[in-house]
Every structure is written in structure tokens, then in C-alpha cells.
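Descriptive structure summary
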Amino acid sequence: MTAEFEQVRERLAAARRVAVLTGAGVSAESGVPTFRGPDGLWRGFRAEELATPEAFAADPKRVWEWYDWRRGLIAACRPNPAHEALAALERRAGGGLTLVTQNVDGLHARAGSGDPVELHGNIWRVRCTACGRLAEDRRVPIPILPRCGACGGLLRPHIVWFGESLEAAVLERAVGAFESAEAALIVGTSGVVHPAASLAGLAKRAGAFVVEVNPEPTPYGGRVDVTLEGKAGEVLPRLVAA
Ligand code: BJW
Ligand code: ZN
């Protein structure tokens, strides 16, 4: 074990408040495709083409078919050792850890994380475009086009698309956690989508010890205290091991 790795373990253990940001890379070892990079295509579509309000307005059927396909894929996936290690770290922190995720797959909660801050929503929730009603909906396949049980309006995925604002209360929780953290972990994200990508900088400016875990270089390089190069499912369990 390198001295750097040991330093990260010590800083994590000593911190009273830890903030964690995860991205698609954390679910990659569960079999959920990432958005960018060589395998970064969802059934041949780029997120930027289908994850927009304009795409949904122009062709809701096409967008729903893409989400239905993704829901089926995610339903067949299980949390991996990275999700489990973060849930263990949270239990050990006794309320001092906030897990913030950009992922919409719900795998952190399935691994036992108590109350993850889901910045970009959740693929298992739907929202009525007419009355705004929110509901959990785990049907796979989902009837296309799905309709609201209350008003008959068209449902959409409860997901933050490009150009849409994040829910204010959700973003506030994330910002608060990163601004007050003594240590921050940034795991499996390419760091290009804002405002999520700005959270690490908030922690750094407030004096936190910031660690990145990623097998590939990202824009965080040089702006964090330590980069642990490797897969989340291999690095995180070692970090958390007693
Ligand atoms: C591994 C691994 C392993 C692989 N272990 N690691 C400031 C500057 C510039 C632009 C903007 C800005 N502020 C806002 C914007 C506009 C826009 C934006 O950021 N655009 C940039 C792309 C340029 N942001 C927004 O529109 C946001 N809204 C907003 O800010 O509203 C106000 C506003 C609007 C417009 C202008 C200004 C202000 C909303 C963003 C919503 C993002 N939604 C998506 C799609 C959800 C759809 C869905 O899932 O159905 O969320 S985009 C997509 O990217 C998804 C992800 O959550 C997000 C981040 O991706 P992530 O997680 O980083 O994944 P990848 O694939 O990019 O990276 C994977 C990483 O894992 C890689 O690094 C691998 O190396 C690594 N990896 N295997 C560990 N085993
Ligand atoms: Zn409705």
C-alpha cells in the first residue's frame, strides 16, 4: 500500500464531515454504461441528444423508448463493491457523511446508503407534465406513452435534463455538504457537467482534503490533493477496509 493511499485512509477516518460525489463510473462495474468515453453511448444515442426538454417535446415516444430500454438494463444490475464500500463508510461516519450522486439508477440506496442526494433525479420516478404529480414507477417495460393516474397528463422521467435547473433544495444540500466537509471524495465522474462538477472546488476552497478516484485523467487532475488511479470497485473497498 502506497504512502499516498495510507494518507487518504487516515484523512478520511479523521474527518468529522465527509462529502462524496459519485458519477456514472461508480455504476460501470455493475454493468450500467457511462455517458462519455469509448463505451459512453446509450444504445447508440448521446445523452445530449435525448436528455433534453426539447427532445421530449419534439418526440416523447422516442425519449420514453430510450428510458424504457435503460430501465430494463438497470433493473437487471446490482450494486457493486464500490456502492457497498460507500454505504459502509457512511455507517462508520455515524451521520457525518453526505453522499451526493449524479446517478439516476438508485444503486446507492439499494446498497444501503441512507439518504443519497440525487442531483439529477431518479429513473424510477415519474412526473406529470400537466399537474406536476410525482410518483414511483418501477414498471418494466413501462407503457409508452405513460399517463398520470391523477389527471391523465403525459408523464416524463423525474430526471434533470440539460438546460433544466436542479431542484433548489437538492442542490443546497449538496453545496452545504461540500462547503462544510473536512474531506471530500470525487468518484467516477468526468467532471464536465455543471453544477455537479463545481462541488469539488467548493470543498477545496473551504480547506477540505479532496481525493479523486478514477481510472482515467479528468479535468480535476491537479486541482485535487490526491488522485487514486483505478476502478472504484477496487479502490474504495481497500480505502474502507479496517
Ligand atoms: C470509472 C470507472 C470505474 C469509468 N471506476 N470510475 C457551467 C459551465 C458550462 C456549462 C454549464 C454550466 N452550468 C450549467 C451548464 C449547462 C449544463 C452543462 O454542464 N453542460 C456541460 C456538459 C458543458 N448543465 C446543465 O444543463 C444542468 N442544468 C443547469 O445547470 O441549469 C441551469 C443552467 C442551464 C443552462 C445554462 C446555465 C445554467 C443540468 C445538467 C443535467 C445533466 N443530466 C445528465 C443526463 C441525465 C439523463 C439521464 O441519465 O437520463 O446527467 S447528463 C449526464 O452527465 C448525466 C450524468 O449524471 C452527468 C455526468 O456524467 P458523469 O457521471 O460524470 O459520467 P461520464 O460518463 O461523463 O463519466 C464517467 C467517468 O467514470 C469517467 O471519468 C470514467 O473515466 C470514469 N469511470 N469506469 C471509476 N470502474
Ligand atoms: Zn397529472
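Calculation rules
All residue numbers refer to position in the chain's written sequence, counted from 1. Labels follow written order: the first chain is A, the first ligand is 1, and so on. Only residues with pLDDT of 70 or above have their local features reported here, since the model is predicted, and side-chain atom pairs are shown and tallied only from 80 upward, although totals for entire chains, interfaces and linings are computed over all residues. Water and hydrogen atoms were dropped before computing side-chain values, which therefore reflect all heavy atoms in the structure. Only buried residues count toward a nonpolar core, which is a set of Ala, Val, Leu, Ile, Met, Phe, Trp, Tyr and Cys residues joined through side-chain atoms within 4.5 Å. Relative accessibility under 20% of the residue-type maximum defines a buried residue, over 50% an exposed one, and the middle range a partly exposed one, all with a 1.4 Å probe and only protein chains included. Secondary structure elements follow DSSP: runs of H or I no shorter than four residues count as helices, runs of E no shorter than two count as strands, and numbering proceeds from the N terminus. The contact criterion used throughout is that any non-hydrogen atoms of two residues lie within 4.5 Å. Where a domain begins and ends is set by an automatic assignment or by a domain database. Accessible surface is computed with a 1.4 Å probe, and the buried area is the amount of it that two parts give up when combined, taken over both parts together. Note on definitions: salt bridges are taken to be side-chain nitrogens of Lys or Arg within 4 Å of carboxyl oxygens of Asp or Glu. Here a polar contact means two N or O atoms within 3.5 Å. Within protein one must be a hydrogen donor candidate and the other an acceptor candidate, and residues neighboring in sequence count only if both atoms are side-chain atoms. Amino acid classes used here: Ala, Val, Leu, Ile, Met, Phe, Trp, Tyr, Cys and Pro are nonpolar; Asp, Glu, Lys and Arg are charged; the rest, including Gly, are polar. Two strands make a pair as long as DSSP finds a minimum of two bridges between them. Structural elements are reduced to axes, namely lines fitted to C-alpha atoms, with helices fitted over the stretch in contact, and the angle between N-to-C directions of any two is expressed from 0 to 180 degrees.

Let's talk about the nonpolar core
One finds V8, V20, L185, V187, L228, L236 and L239 to be the most contacted residues of the largest nonpolar core, which totals 26 residues. Looking at this core, the elements with two or more residues in it are α1 (3-14), β1 (18-22), α6 (81-93), β2 (97-101), β7 (183-187), β8 (209-214), β9 (226-229) and α10 (232-240). Of the residues forming this core, the biggest block, five residues, is contributed by α10. Contacts of L185, omitting those with residues within four sequence positions, involve L12, A19, V20, L21, L86, L89, V211, V213, L236 and L239. Ranked by size, the runner-up nonpolar core spans 23 residues in total, among them C77, V126, I142 and C148.

Examining the domain arrangement of the protein chain
Segmenting the protein chain into domains produces domain 1 (3-31 + 79-120 + 166-240) and domain 2 (33-76 + 121-159). Each of domain 1 and domain 2 has a C-alpha centre, and these two points are 26 Å apart. Across the boundary between the two partners, domain 1 contributes 16 residues, which contact 13 residues of domain 2. With both chains or domains summed, domain 1 and domain 2 bury close to 1,000 Å², and 52% of this area falls on carbon and sulfur atoms. At the surface where domain 1 touches domain 2, the tally comes to zero salt bridges. There are four residue pairs in polar contact (both at pLDDT 80 or more) connecting domain 1 and domain 2. Looking at the side of domain 1 that touches domain 2 residue by residue, the class counts come to six nonpolar, six polar and four charged.

Details of the sheet that holds β8
Taking strand neighbours across the sheet as the criterion, the six strands line up as β3-β2-β1-β7-β8-β9 in an open arrangement whose pairing is parallel. Of all strands in the sheet, those with a lone pairing partner are β3 (117-118) and β9, marking the two edges. Of the strands in this sheet, β1, β2 and β7 are in contact with α6, which crosses β2 at around 150 degrees.

Quick notes on the environment of E4
Note that E4 resides in helix α1. On the accessibility criterion, E4 (40% relative accessible area) is partly exposed. Residues E4 and V226 lie 222 residues apart in sequence; the distance between their C-alpha atoms is 7.5 Å. Among residues more than four places away in sequence, those in contact with E4 are V226 and T227.

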